[in-house]
Amino acid sequence: MHLEGNKRWWVFSVLCLGDLMVVLDMTVVNVALPSIKTGLGFTPSSLVWVVNAYLLTYGGFLLLGGRLGDIFGQRRLFLVGLTIFTLASLACGFSQTQTMLILARCVQGIGGAIVSAIAFSLVINIFTDQDERARALGIFGFIMAGGGSIGVLLGGFLTEINWHLNFLINIPIGIGVFIATFYLLPLMHTDSDRKGIDIWGVLLVTSSLILVNYTIVEGNDAGWLTLHTLSLFGSALILFITFLFVETKVCAPLIPLSLFKMRNLSVASVIGVLWAAAMFAFFFLSALYLQTILGYGPQEVGLAFLPTNIIMAIFSVWLSAKLVIRFGIRKPIFIGLGLAALSMLLFARAPIDGMYWLDVFPSMMLLGLGAGMAFNPVLLAAMDGVPEDESGLASGVVNTAFMMGGSIGLAVLASAAAARTLGLIQNGVDQIVALNSGYHTAFLIGALFAALGACGGFFLRETSSPSAHIG
């Protein structure tokens with residue numbers, strides 16, 4: 001795709017704003033969860049679906065969104081996704097019942113999936129010059145990695161006013177991005193020979209992932225070794241195996257399995273699953289720790305995440321590229337995710353009478369440092385060698401790995417925390433102590449996920465010439 005020099009960066013700015021709006025909605029509600037619980041009468045076990053409803057449809061439809069962009073035109077699909085997301089945000093903002101909010105969050109996730117998959121693909125295609133692409137990916141990587149913590153910050157301020165504003169803030173942003181995209185981004189040629197849509201693939205893989213997540217969330221109440229739980233896991237596995245079989249038979253598969261012969265794309269996707277499982281749980285659980293254990297208000301929680309945002313921005317936008325040119329992609333990923341693991345280990349010892357500067361601030365700093373260092377190399381590795389006509393699909397694969405890792409990771413860690421807390425309470429331990437111990441357990445598992453992701457960096461093949469990617 002050819003755009004004039006300055007116009008490329010204007011289009012890039014619009015794409016970043018659209019993607020930031022979508023990423024924010026993954027965590028902006030975390031701070032508002034206690035207010036939403038009170039306002040709509042959620043139970044603790046059902047409250048997690050305010051987050052998971054979005055993550056599940058987001059992760060489930062990323063692949064389809066990327067594929068539709070490759071087939072029908074990325075500009076057209078980007079505008080469609082923006083429209084869906086903005087209207088669903090309006091519905092979320094005016095929700096008065098649990099059912100309405102969860103359904104609107106599901107639709108919001110579908111629109112967000114289309115926007116994110118197309119935005120990432122467009123960034124790759126707009127910047128054909130390698131050093132410009134690296135700079136653009138550094139900024140885009142910060143938005144994807146830092147958007148979660150920015151969401152917590154913004155959510156704190158908005159929740160102080162009214163939790164509905166966490167969703168309604170998307171309306172003016174969505175309208176502005178739509179108008180700017182319509183005028184700045186030109187119509188693009190589509191491949192008329194690739195009109196097939198793998199509906200069965202979409203239904204099978206989405207159903208499988210949703211069923212796995214539901215089973216994990218419900219596992220504590222139903223029992224992990226009960227017939228009910230095991231049959232749900234078995235059903236999810238059968239659906240996924242059937243999906244893989246279908247992909248080998250259909251003319252236009254949702255995911256051509258040959259795509260995974262690209263070693264870096266496959267390894268980067270696995271790293272993305274592990275990292276997102278740790279990161280999403282960190283944002284979710286640390287916000288709850290600050291509110292339920294330390295008694296922070298929503299605005300205080302938002303400010304507590306500010307160091308993470310600042311450090312992540314500095315490394316993602318300015319320093320990450322320099323690390324890649326100096327050390328390649330493996331070492332920054334290993335060190336970055338290693339620091340993220342250390343951050344969670346520190347949080348796993350945070351006491352019930354914790355102090356911000358001693359027990360919270362060091363973890364926030366390490367997480368920002370690690371995420372800012374590692375995200376750009378992961379993106380560079382994932383898209384290395386991907387042809388332009390497959391960029392939408394590859395973008396969907398990478399984003400799906402991150403989002404489903406986040407969704408399933410959040411379910412696993414929230415369930416582990418709940419199980420630990422319940423067991424201690426049944427043994428007569430004070431509720432606050434038991435709750436904090438549950439958070440400690442979850443942070444330890446999150447640290448393990450991040451450490452495994454760090455080790456995965458050594459299975460990547462170095463890009464043909466790291467210096468060619470960085471200006």
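All residue numbers refer to position in the chain's written sequence, counted from 1. Per-residue local features of the predicted model are confined to residues with pLDDT of at least 70, and side-chain atom pairs are confined, for both listing and counting, to 80 or more; whole-chain, interface and lining totals are unaffected and use all residues. As a convention, hydrogens and water are excluded, and side-chain values are obtained from all of the structure's heavy atoms.

Asks: Can you explain the overall build of the protein? Please cite residues and give values.
Replies: The numbering of helices and of strands both runs from the N terminus, where a helix is a DSSP run of H or I of at least 4 residues and a strand a run of E of at least 2. Looking only at helices and strands, the protein has 18 helices and zero strands in total. Here the protein has a C-alpha radius of gyration of 21 Å; the compact-globule value for 471 residues is 23 Å, and the two agree. Across its three principal axes, the protein shows a C-alpha extent of roughly 65 × 45 × 45 Å. Evaluated residue by residue, the protein yields a buried proportion of 59% over its 471 residues. Two residues qualify as a contact provided that any one of their heavy atoms is within 4.5 Å of a heavy atom in the partner residue. Within the protein, counting contacts between residues at least 6 apart in sequence, those at least 24 apart form 85% of the total. Note on areas: these come from Shrake-Rupley sampling with a 1.4 Å probe, and a residue is covered only by the protein chains present in the view. With an accessible surface of roughly 18000 Å², the protein has 70% of that area assigned to carbon and sulfur atoms. Computation of the radius of gyration draws on C-alpha atoms, with the globule rule given as 2.2 Å multiplied by the number of residues to the power 0.38. Partly exposed describes any residue whose relative accessible area lies between the buried limit of under 20% and the exposed limit of over 50%, with all areas from a 1.4 Å probe on protein chains only and scaled to the type maximum.

Asks: Explain a nonpolar patch on the surface to me, using residue names and the numbers behind them.
Replies: A cluster of nonpolar side chains, Phe 157, Leu 303, Leu 306, Ile 310, Ile 314, Trp 318 and Leu 319, forms an exposed patch at the surface whose accessible area comes to about 610 Å². No other element matches helix α13 (residues 306–327), which puts five residues into the nonpolar patch. Looking at the secondary structure, you find Ile 310 in helix α13. What makes Ile 310 partly exposed here is its relative accessible area of 45%. Exposure above 30% relative accessible area and no salt bridge define the residues that can form patches, which grow by joining like charges within 9 Å and nonpolar side chains of Val, Leu, Ile, Met, Phe, Trp and Tyr within 5 Å. Counted as salt bridges are all cases of a side-chain nitrogen of Lys or Arg within 4 Å of a carboxyl oxygen of Asp or Glu.

Asks: Describe the side chain of Arg 105, with residues and values.
Replies: Of note, Arg 105 is situated in helix α5 (residues 98–126). On the accessibility criterion, Arg 105 (0% relative accessible area) is buried.

Asks: Provide a residue-level description of the nonpolar core, including the pertinent values.
Replies: Nonpolar side chains in soluble globular proteins tend to be buried together. Note on terminology: a nonpolar core comprises buried Ala, Val, Leu, Ile, Met, Phe, Trp, Tyr and Cys residues joined through side-chain atoms within 4.5 Å. In this structure, Trp 275, Phe 282, Tyr 289 and Leu 290 are the most contacted members of the largest nonpolar core, which totals 137 residues. The element best represented in this core is helix α11 (residues 263–293), accounting for 21 residues. If you look at the next biggest cluster of nonpolar residues, it comprises six residues, including Leu 211, Ile 216, Leu 232 and Ala 411.

Asks: Before we move on, could you go through the pattern of salt bridges and cite the residues and values that matter?
Replies: Tallied over the full model, the rule gives one salt bridge. A salt bridge links Asp 359 to Arg 349; its shortest N-O distance comes to 2.8 Å. Separated by ten residues along the polypeptide, Asp 359 in helix α15 (residues 356–383) and Arg 349 in the loop between α14 (330–347) and α15 bring together distant segments of the chain. Owing to a relative accessible area of 5%, Asp 359 belongs among the buried residues under this scheme. Overall, the relative accessible area of 42% leaves Arg 349 in the partly exposed class.

Asks: With reference to specific residues and values, describe the environment of Tyr 356.
Replies: By the secondary structure assignment, Tyr 356 is in helix α15. Note: C-alpha distance between Tyr 356 and Ala 417 (61 residues apart in sequence) is 22 Å. Non-local contacts of Tyr 356, meaning those with residues more than four positions away in its chain, are made with Tyr 296, Leu 303, Ala 304, Pro 307, Phe 361 and Pro 362.

Asks: Hey, could you go over the confidence of the model for the protein for me, with residue numbers and the actual values?
Replies: A residue's pLDDT is simply how confident the predictor is in it, with values from 0 to 100. Per-chain confidence: the protein averages 82 in pLDDT, with 90% of residues scoring 70 or above. Note that pLDDT drops below 50 for residues 465–471; the model gives that stretch 19 contacts with residues more than four away or on any other chain.

Asks: With reference to specific residues and values, describe the packing of α11 against α15.
Replies: Here an axis means a line fitted to C-alpha atoms, over the contact stretch when the element is a helix, while the angle between two N-to-C directions is reported on a 0 to 180 degree scale. At their nearest, the axes of α11 and α15 sit 11 Å apart, and the two run at 155° to each other. Of the possible angle classes, the one that applies to α11 and α15 is roughly antiparallel. Like other packed secondary-structure pairs, α11 and α15 cross with a definite hand, here left-handed. Counted together, Asn 264, Leu 265, Ala 268, Ile 271, Trp 275, Met 279, Phe 282, Phe 283, Tyr 289 and Leu 290 of α11 and Val 360, Met 364, Leu 367, Ala 371, Ala 374, Phe 375, Val 378, Ala 381 and Ala 382 of α15 form the full contact between these two elements. Gly counts as polar in this scheme, as do all residues outside two lists: the nonpolar Ala, Val, Leu, Ile, Met, Phe, Trp, Tyr, Cys and Pro, and the charged Asp, Glu, Lys and Arg. Residue classes in the contact of α11 with α15 are distributed as 18 nonpolar, one polar and no charged. Throughout, the term roughly parallel applies to angles under 35 degrees, roughly antiparallel to angles over 145, roughly perpendicular to angles from 65 to 115, and oblique to all others. Put simply, a crossing is left-handed when the front helix is turned counterclockwise from the back one by less than a right angle, and right-handed when it is turned clockwise.

Asks: Which residues make up the packing of aromatic side chains, and what are the values?
Replies: Note on ring pairs: Phe, Tyr and Trp rings are taken, using the six-membered ring of Trp, and paired if centres are within 6.5 Å. Classes follow the plane angle, with under 30 degrees stacked, over 60 edge-to-face and the rest tilted. Scanning all chains against the criterion turns up twelve aromatic pairs. Relative to Phe 167, the ring of Trp 163 lies with its centre 6.3 Å away and its plane at 90°, an arrangement referred to as edge-to-face. Pairing Tyr 356 with Trp 357 gives two aromatic rings, centres 5.1 Å apart and planes at 80°, and the pair type is edge-to-face. Distance and angle both matter: a charge sits over a ring if NZ of Lys or CZ of Arg is within 6 Å of the ring centre and within 35 degrees of the ring normal. A cation sits over an aromatic face here: Arg 75 above Phe 182, 5.0 Å from the ring centre.

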